[in-house]
Amino acid sequence: MTPLSEAGLPLHLHHIAVHTMLCVFFALLTAVSNACAAVLQRRAAAQVPPERSMHVSLIADLVTRRVWLAGIGMVIVAAVAQAAALATGPIALVQPIFIIELPVTLVLAALANHNRAALGRLPWPAIATTTVALGAGLALAQPSGAIDAAQDQSWVIALIVTACFEAVIIAWR
C-alpha cells in the first residue's frame, strides 16, 4: 500500500539516515565556521599598520590580537567539522553544501561591520548565480574518491609548490 498525499497522489516517503543528517549538519557547520574565520581574520588584519602587511612581522602582530585568534579557533572548528562531515557522508553530498560559505561570509562581514545597509547593496543576483552554479557544477561532476590516501610523492610536490608560491608572494612585496 502506497501512502497518499492530501491530493490523492502517491507520495513516497524517504527515510533519511541519521548519518546523512549528521553529515549535512557538519557540512553546514564547516561552511559557517569558515565564514566566521574569514571575517574575523580579515578584521584583525585590517587593524595592522600598512607598513607591516606582507612581512613576517605581520604574524607576530596578529598573534597578539584576540579577534585573529578567534578566527584561528573557527578554522580549527571548521577543520574538525569538515572531517566529521566527510566521515559521515560522501564528498558528493558534502562539497556542494560547503558552497554556502560565500553568501554567509558576505552577510557576516556586513553584520560585523555594523553595516546593515550593506546587505541591501550586495549583488544578490550575482551571489545566488555563483552559489547555484558552483553547486550545480559539483553535483554534475559527481565527485568521488578513487583511493583513500595520496601517495607520498604527491604530498611532497604539493608542499614544495605551495612553499615556493608563498615565498614568491612574500618576497614580491
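Residues numbered from 1 in each chain as written. Predicted model: local features only at pLDDT ≥ 70, side-chain atom pairs only at ≥ 80, totals over all residues. Heavy atoms only, no water.

Notes on the environment of Thr-20
1) Next: Among the secondary structure elements, Thr-20 is positioned in helix H1 (residues 18-46).
2) Next: Along the sequence, Thr-20 and Thr-88 sit 68 residues apart, while their C-alpha atoms lie 6.7 Å from each other. (Helix = DSSP H or I, 4+ residues; strand = E, 2+ residues; numbered from the N terminus.)

So, a nonpolar patch on the surface
1) Next: A grouping of Met-54, Val-56, Phe-165, Ile-169, Ile-170 and Trp-172 is seen on the molecular surface, where their side chains present a nonpolar patch of about 680 Å² in accessible area.
2) Next: Inspection of the secondary structure assignment puts Trp-172 in helix H8 (residues 152-172).
3) Next: Owing to a relative accessible area of 72%, Trp-172 belongs among the exposed residues under this scheme. (Patch = residues over 30% accessible without salt bridge, like charges linked within 9 Å, V, L, I, M, F, W, Y side chains within 5 Å. Areas by Shrake-Rupley, 256 points an atom, 1.4 Å probe, with all protein chains shown as cover. Salt bridge = Lys/Arg side-chain N within 4 Å of Asp/Glu carboxyl O. Buried < 20%, exposed > 50% of the residue type's maximum accessible area, 1.4 Å probe, protein only.)

Details of the nonpolar core
1) Next: In this structure, Cys-23, Ala-27, Ala-85, Val-94, Ile-97 and Phe-98 together form the largest nonpolar core, which totals six residues.
2) Next: Elements represented by at least two residues in this core include exactly H1 and helix H4 (91-98).
3) Next: Ranked by residue count, the leading element in this core is H4, at three residues.
4) Next: Ignoring sequence-local partners within four residues, the contact set of Ile-97 consists of Val-24, Ala-27, Leu-28 and Ala-31.
5) Next: Core analysis: the next-biggest nonpolar cluster, separate from the first, contains five residues, Ala-44, Val-48, Leu-58 and Leu-62 among them. (Core = buried A, V, L, I, M, F, W, Y, C linked by side-chain atoms within 4.5 Å. Contact = heavy atoms within 4.5 Å.)

Some points on unusual backbone geometry
1) Next: Even without glycine at this site, His-114 takes up a positive phi of about 50°.
2) Next: For His-114, the position within the fold is in the loop between helix H5 (101-112) and helix H6 (116-121).

A look at the confidence of the model for the chain
Interpreting fine coordinate detail is not advised for predicted regions of low pLDDT.
1) Next: Residues at a pLDDT of 70 or more form 82% of the chain, whose mean pLDDT is 80.
2) Next: Per-element mean pLDDT across the chain ranges from 77 in helix H2 (residues 57-63) up to 93 in helix H3 (residues 66-88). (pLDDT = per-residue confidence, 0-100.)

Comments concerning the environment of Ala-81
1) Next: Relative to the assigned elements, Ala-81 resides in helix H3.
2) Next: Here Ala-81 falls in the buried class, since its relative accessible area comes to 2%.
3) Next: As a C-alpha pair, Ala-81 and Leu-28 span 53 residues in sequence and 8.6 Å in three-dimensional space.
4) Next: Contacts of Ala-81, omitting those with residues within four sequence positions, involve Phe-26, Leu-29 and Thr-30.

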